[in-house]
Amino acid sequence: MPTVELRFSAQPEHVRTARLVAAAVARRAGVDEAVLDEVRLAVGEACSRAVGLHRSHDITTPVTVVLTEEEKAFSIEVGDGVPGPGSDTSLEGAPGGGAGGLDETDAEDEMGLAVISGLVDDVEVRSGTDGGVIRMTWPTTSAVVLP
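Residues numbered from 1 in each chain as written. Predicted model: local features only at pLDDT ≥ 70, side-chain atom pairs only at ≥ 80, totals over all residues. Heavy atoms only, no water.

### Regarding the overall build of the protein chain
Then comes step 1: The number of helices and strands found in the protein chain is three helices and six strands.
Then comes step 2: Ordered by position in the sequence, the α and β elements of the protein chain form the string β-α-α-β-β-β-α-β-β.
Then comes step 3: Counting the 147 residues in the protein chain, one finds 45% classified as buried.
Then comes step 4: Considering only residue pairs separated by 6 or more positions, the protein chain has 67% of its internal contacts joining residues 24 or more positions apart.
Then comes step 5: For the protein chain, the exposed area adds up to about 7,700 Å²; of that, 51% sits on carbon and sulfur atoms. (Helix = DSSP H or I, 4+ residues; strand = E, 2+ residues; numbered from the N terminus. Buried < 20%, exposed > 50% of the residue type's maximum accessible area, 1.4 Å probe, protein only. Contact = heavy atoms within 4.5 Å. Areas by Shrake-Rupley, 256 points an atom, 1.4 Å probe, with all protein chains shown as cover.)

### Here we look at the pattern of salt bridges
Any two side chains of opposite charge can pair, on the condition that their charged atoms come close.
Then comes step 1: This structure, assessed with the given rule, holds eight salt bridges.
Then comes step 2: In this structure, Glu77 and Arg126 form a salt bridge, with 3.8 Å as the shortest nitrogen-oxygen distance. One end of the pair, Glu77, is in strand E3 (residues 73–79); the other, Arg126, is in strand E5 (residues 122–128), with 49 residues separating them in the sequence.
Then comes step 3: Look at Arg126 and you get partly exposed, because its relative accessible area is 22%. (Salt bridge = Lys/Arg side-chain N within 4 Å of Asp/Glu carboxyl O.)

### Quick notes on the nonpolar core
Then comes step 1: Ranked by size, the top nonpolar core spans 33 residues in total, and within it Phe74, Ile76, Val78, Met136 and Trp138 carry the most contacts.
Then comes step 2: Where this core is concerned, the elements lending two or more residues are strand E1 (3–8), helix H1 (13–29), helix H2 (36–56), strand E2 (63–69), E3, helix H3 (107–119), E5 and strand E6 (131–139).
Then comes step 3: With eight residues, H2 is the single largest residue contributor to this core.
Then comes step 4: For Trp138, the contacting residues outside a window of four places in its chain are Val31, Val35, Val39, Ala42, Ala73, Phe74, Ile76, Leu119 and Val120. (Core = buried A, V, L, I, M, F, W, Y, C linked by side-chain atoms within 4.5 Å.)

### Points about the environment of Gly44
Then comes step 1: Counting through the fold element by element, Gly44 comes out in helix H2.
Then comes step 2: Considered as a pair, Gly44 and His14 are 30 residues apart in the sequence and their alpha carbons are 9.8 Å apart.
Then comes step 3: Every residue in contact with Gly44, bar those within four places of it in the chain, is listed here: Val15 and Arg19.

### A few points about the environment of Trp138
Then comes step 1: You can see Trp138 is positioned in strand E6.
Then comes step 2: Looking at Trp138, the relative accessible area reads 5%, which means it is buried.
Then comes step 3: As for Trp138 and Ser75, which are separated by 63 residues in sequence, their C-alpha atoms are 6.3 Å apart.

### Quick look at H1
Residue pairs spaced three or four apart in an α-helix point in one direction, given the helix's 3.6 residues per turn.
Then comes step 1: For H1, with 17 residues, the first-to-last C-alpha span of 26 Å sits near the 24 Å given by 1.5 Å per residue.
Then comes step 2: Inspection of H1 places Val15, Ala18, Ala22, Ala23, Val25, Ala26 and Ala29 among the buried residues, and these make up the whole buried set.
Then comes step 3: Gly30 sits one or two positions beyond H1 and adopts a positive phi of about 105 degrees. (Expected span 1.5 Å × (residues − 1).)

Remember, this is a structural readout, not a statement about activity or role.
Right, dumping it as structure tokens:
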């Protein structure tokens with residue numbers, strides 16, 4: 001299971017690099033070319049959200065991006081260092097998401113999670129004492145069975 005891990009300081013200018021790396025690794029993993037723009041946009045949104053959380057909470061630890069090629073899927077986990085309530089939840093039906101101690105009144109954060117859920121079918125949002133994680137998964141072409 002090949003894995004690429006990025007760690008970067010919470011600076012907005014690093015988000016573009018994360019998007020480019022995610023698209024390149026997704027392409028190599030076998031994600032359909034038609035989906036690569038969605039991968040770039042979703043990773044950009046998740047990384048921007050993590051950068052914003054780090055900056056607003058004065059967190060100095062790096063934002064992490066873990067890209068994993070599995071047998072029939074490609075997944076990306078974007079982690080922030082903002083401690084949350086420790087609950088695991090999926091994005092659907094989860095007010096405020098649940099990662100990084102989200103506040104339901106934070107409209108910008110809600111919008112970011114809505115954009116991610118619109119771009120990615122398989123999304124999981126987790127939070128814990130070490131921070132929050134948004135996990136996004138896409139099928140690879142090897143996972144598509146042709147008739």
